[in-house]
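# Analysis of the macromolecular model
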Amino acid sequence: MDVLYFAWVRERIGVPKERVETGAATVAELVAELKAREPRYEAAFADLSALRVAVDQELTDFDAALEGAREVAFFPPMTGG
């Protein structure tokens, strides 16, 4: 699946997008796999309360199922003005 990173998440990880092969059943399991890769992922996902997630462009939460998903995006909360 494609994993997209936006704003400071992208800055910490160092890439805007990557293709990930995963056996994760939920977003939380995917995050655990990513965090185990290397320190830059650990830093980006250290505080999940500071992140939002979308699966196939639908805003969701970290216990969302990934079955059939083609894209997961991580980004900080949006602020309006």
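Position numbers for residues count from 1 along each chain, tracking the sequence in the order it is written. Residue-level local features of this predicted model are given only where pLDDT is at least 70; pairs of side-chain atoms are given and counted only at 80 or more, and the full residue set underlies all totals for whole chains, interfaces and linings. Water and hydrogen atoms play no part in the side-chain values, which are based on all heavy atoms of the structure.

### Digging into the sheet that holds strand β2 (residues 17–19)
- With respect to topology, five strands assemble into an open sheet ordered β2-β1-β5-β3-β4, the strand pairing being mixed. Edge positions in the sheet fall to β2 and β4 (58–60), since each has one partner strand and no second. Each neighbouring strand pair of the sheet contributes to a mean axis angle of 25 degrees, computed without reference to strand direction.
- Helix-sheet contacts for helix α2 (residues 27–35) involve β1 (2–5), β2, β3 (52–55) and β5 (71–75), and the interaxial angle to β5 is about 70 degrees. A pair of strands is considered paired only if DSSP assigns at least 2 bridges between the two. Helical segments are the DSSP runs of H or I of at least four residues, strand segments are the runs of E of at least two, and each set is numbered from the N terminus. Interaxial angles span 0 to 180 degrees and are taken between N-to-C directions of axes, which are lines fitted to C-alpha atoms, for helices over the stretch in contact. By definition in these notes, contact holds between two residues if any of their heavy atoms fall within 4.5 Å.

### Quick look at the side chain of Thr26
- Relative to the elements of secondary structure, Thr26 occurs in the loop between β2 and α2.
- The buried label applies to any residue whose accessible area, calculated with a 1.4 Å probe on protein chains only, is under 20% of its type's maximum; exposed applies above 50%, and partly exposed to all values in between. Under the relative-accessibility criterion, Thr26 is labelled buried at 17%.
- If we skip the residues at most four places from it in the chain, Thr26 touches Phe62, Asp63, Ala64, Ala65 and Leu66.

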